[in-house]
Number of protein chains: 2
Amino acid sequence: MTTLKDVARKAKVSLATASYVINGSDLISQPTKDKVLFAAKELGYRPNGNAKNLKKNKNEIIGLFLSGFTGPFFGELLEGIQDTVIEKGYEMVVCASDDKHRLLMERYVDGAIILNYHIKDELLNYLASDKFPIVVLDREIENPFIKQITLPNSLGVEHSVNHLVELGHKRIGFITGSEESYDGEMRLKGFKKTLSQRGLIYREIDLIRADFTETSGLLSMKTYLDEHEEYPTAFISANDEMAMGAIKAVQQKGLQVPDDIAFVGYDDIDLSKHFHPPLSTVRVQKKLWGITAAETLFKMLDKETGFEVEDIPIEFIPRSSSLKGGERDSG
Amino acid sequence: MTTLKDVARKAKVSLATASYVINGSDLISQPTKDKVLFAAKELGYRPNGNAKNLKKNKNEIIGLFLSGFTGPFFGELLEGIQDTVIEKGYEMVVCASDDKHRLLMERYVDGAIILNYHIKDELLNYLASDKFPIVVLDREIENPFIKQITLPNSLGVEHSVNHLVELGHKRIGFITGSEESYDGEMRLKGFKKTLSQRGLIYREIDLIRADFTETSGLLSMKTYLDEHEEYPTAFISANDEMAMGAIKAVQQKGLQVPDDIAFVGYDDIDLSKHFHPPLSTVRVQKKLWGITAAETLFKMLDKETGFEVEDIPIEFIPRSSSLKGGERDSG
DNA sequence: TTGTAGGCGTTATCAT
DNA sequence: ATGATAACGCCTACAA
């Protein structure tokens, strides 16, 4: 592989001069620059990032560590992070780290954003430092070098429950995914809490565990309907996809939404407003979540201190999947 | 930051010994090993990947370069690549490289898989070499160090067209996304080709450009229906999401699918069989696509030569969105 | 304006 | 079984 030394030799200049040229120093005369650039192109020179970074002691890369690529893949979140990272002149890499977490261990990145339940708190506490800040999106953890940017999940579900209670619902079910999802569990927690606040009881029997996909929502709800005699008059789902699947199952059974069973989702994905019926849901600004996470990480990298992290705003969006005709007209 | 030298000093051994211990050499006595490991833990030692890789002249990381994180994000594809990469003891990073392509330029990865129309053929030709193999998923390119693993797009659409023609359709429309998508354009090309093979004419007016999302399919079809008096009796869509959106638009207009307009999608995403009506489509094994891409890259890294790359299999799946009652019964 | 040389943290060869 | 030491490719004072 061509090194800078080869380029220098070919251009008949010293290594230092070649380095200056490659790095765009303007202490070098134009003829010399041309010679070096020409030689570099001729030889197909590519700088060695490892050597550069070893010297500079930083990579200008931040890493996003996910648990996998299937399932709910947060496109907007990634966009938010990516935009911020690029703006700062950094690069972002996303990895589904296996159990060795090599990329995390061996300082390939200057900071990390974690959304991966496989990575243990213990490891994060070990890694995080002054020089290696971490932002977590999927847990709470006490460490001066780790900041958490979590969604106001409980609050969102509180809105949903209140909405349904005000419409007169007394028995409300909940659809969620695996227990490994922090957001899912927090939403469930908010559900239980608000139910009790409103004087309703939480029934384990009306909790459906799917896996956050539309298909799983459909299948789980189908099973639920087949195996139960009586149903709640409303369901809240931990995300929109499962709500849509569940609604399809209900409709296929010949029941009406929202008249027989009302539904409220979570996230307000693009499709929710076009769904039939349009889905009531909680809008989450995932892109802002990503931006906030990345900006927080950069503040930590810049050794800023004492800053406040703003909550990610949410908004309850009532639509037809929970509002009957009369209710829609009146509010 | 703690270095191996610090560890060695603390353990009162030489740098070399510390290195041996960290790398699990068994030439070292157990007591010495213990001393070093203890010191390393005490100091929170983390190896410096840059230094290691500089020395070893390889990173054992392969990179997947995408054009962005929104839009159709090929979860299965990523899974396929990831599985293969992990099996080989490598890591995978995925990046949406900006215009500087630093990660690609500066040898942060030992090989690359490209699905990013922003990256020019010229750059790939410049980068690819004996030591830096590249697999492209989104173009055709002539270079001994670049292999292409593309989908049999044209063939898939050929099945779809034949299916519709055999059902008696004479005017068939096509829904696709941006021209920047290689797969989309190839599917369109296959559409035009097969139409003419079957003696039908291709009409520009029946080509709908959306952006591969369900929402865009819905909106574009709505516009199409509003702006035209007469419609094709069938549409083929370059992916399932747009087909579903378009079907919703058609249904909202009070028309029947497939009786008034039949639809065929592409990809056979999970949801297609649960859609109402279930969507006729072309099944693509995207995970196998990822596996094939990654395996091909590793063969190139291993300097294997003369191997054949198998085509990714596809299969036409007829469902109700293109089959009327009688047709379903009889076949 | 250009060259010399030391060092970034490792690994690995060669001694001991 | 362990230690010295020379690379790996690059950057950057400091010299010239």
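Since this is a predicted model, take the numbers as computed values, not measurements.

Draft legend 1. Geometry of the overall build of chain A. Counting its secondary structure elements, chain A contains 13 helices and 11 strands. Taking 20 Å as the expected radius of gyration for a compact globule of 331 residues, we find that chain A reaches 26 Å, considerably beyond that expectation. For chain A, the spread of C-alpha atoms along the three principal axes comes to 85 × 40 × 35 Å. Every one of the 331 residues in chain A was classed for burial, and the buried ones make up 55%. Across chain A, contacts joining residues at least 24 apart in sequence account for 68% of those joining residues at least 6 apart. In the form shown here, chain A has an accessible surface area of approximately 14800 Å², with 49% of it arising from carbon and sulfur atoms. The average position of the 41 basic charges and that of the 50 acidic charges among the side chains of chain A differ by 8 Å.

Draft legend 2. Broad picture of unusual backbone geometry. All names here are of chain A. Put simply, V257 and P258 share a cis peptide bond, and its omega is 10°. The step from H276 to P277 runs through a cis peptide bond, and the omega angle for that step is 0°. Mapped onto the elements of the fold, P277 is located in the loop between β9 (262–264) and β10 (281–284). We note that H101 has phi near 50°; this positive angle belongs to a residue other than glycine. Here H101 is to be found in the loop between β2 (91–96) and α6 (102–105).

Draft legend 3. The arrangement of the interface of chain A and chain B in detail. Taken together, the 53 residues of chain A in the interface contact 52 residues of chain B. Applying the counting criterion to the chain A and chain B interface returns 2 salt bridges. For E106(B), the salt bridge goes to K52(A), with nearest N and O atoms at 2.9 Å. Mapped by element, the contributors of at least two residues to the side of chain A that touches chain B are α4 (49–56), α5 (75–87), β2, α6, α7 (121–127), α10 (214–227) and α11 (240–252) of chain A. Split into classes, the residues belonging to the side of chain A that touches chain B amount to 28 nonpolar, 13 polar and 12 charged.

Draft legend 4. A look at the layout of surface pockets. All names here are of chain B. Approximately 890 Å³ is the volume attributed to the second largest pocket. Around the second largest pocket sit 26 residues that line it, and I22, Y45, R46, P47 and N48 are the ones nearest its centre. At the level of elements, α1 (4–11), α2 (15–22), α3 (30–43) and α4 (49–56) are the ones that each hand at least two residues to the lining of the second largest pocket. With 4 residues, α4 is the single largest residue contributor to the lining of the second largest pocket. Classifying every residue of the lining of the second largest pocket by side-chain character gives 12 nonpolar, 6 polar and 8 charged.

Draft legend 5. Molecular detail of the pattern of salt bridges. Residue and element names in this part refer to chain A. Enumeration over the complete set of coordinates arrives at 46 salt bridges over all chains. Between D226 and K253 there is a salt bridge; the shortest N-O distance is 3.0 Å. Here K253 lies in the loop between α11 and β9 and D226 lies in helix α10, a separation of 27 residues in the sequence. Residue class for D226 comes out exposed when judged on its relative accessible area of 54%. The shortest N-O distance in the salt bridge between E315 and R283 comes to 3.7 Å. Highlighted residues: E315 in strand β11 (residues 314–317) and R283 in strand β10, separated in sequence by 32 residues. A relative accessible area of 33% means that R283 is categorised as partly exposed. The network of salt bridges with shared partners includes D268, R283, E315 and R319.

What counts and what doesn't
Residues numbered from 1 in each chain as written. Chains lettered and ligands numbered in written order. Predicted model: local features only at pLDDT ≥ 70, side-chain atom pairs only at ≥ 80, totals over all residues. Heavy atoms only, no water. Helix = DSSP H or I, 4+ residues; strand = E, 2+ residues; numbered from the N terminus. Rg over C-alpha atoms; globule rule 2.2 N^0.38 Å. Buried < 20%, exposed > 50% of the residue type's maximum accessible area, 1.4 Å probe, protein only. Contact = heavy atoms within 4.5 Å. Areas by Shrake-Rupley, 256 points an atom, 1.4 Å probe, with all protein chains shown as cover. Lys, Arg positive; Asp, Glu negative; His and termini not counted. Charge placed at Lys NZ, Arg CZ, Asp CG, Glu CD. Salt bridge = Lys/Arg side-chain N within 4 Å of Asp/Glu carboxyl O. Nonpolar A, V, L, I, M, F, W, Y, C, P; charged D, E, K, R; others polar. 1 Å grid on protein atoms, 1.4 Å probe; cavity = no way out; pocket = protein on both sides within 12 Å on 5 of 7 lines; lining within 4 Å. Points joined across faces, edges and corners; volume = space filled by probe spheres on them.

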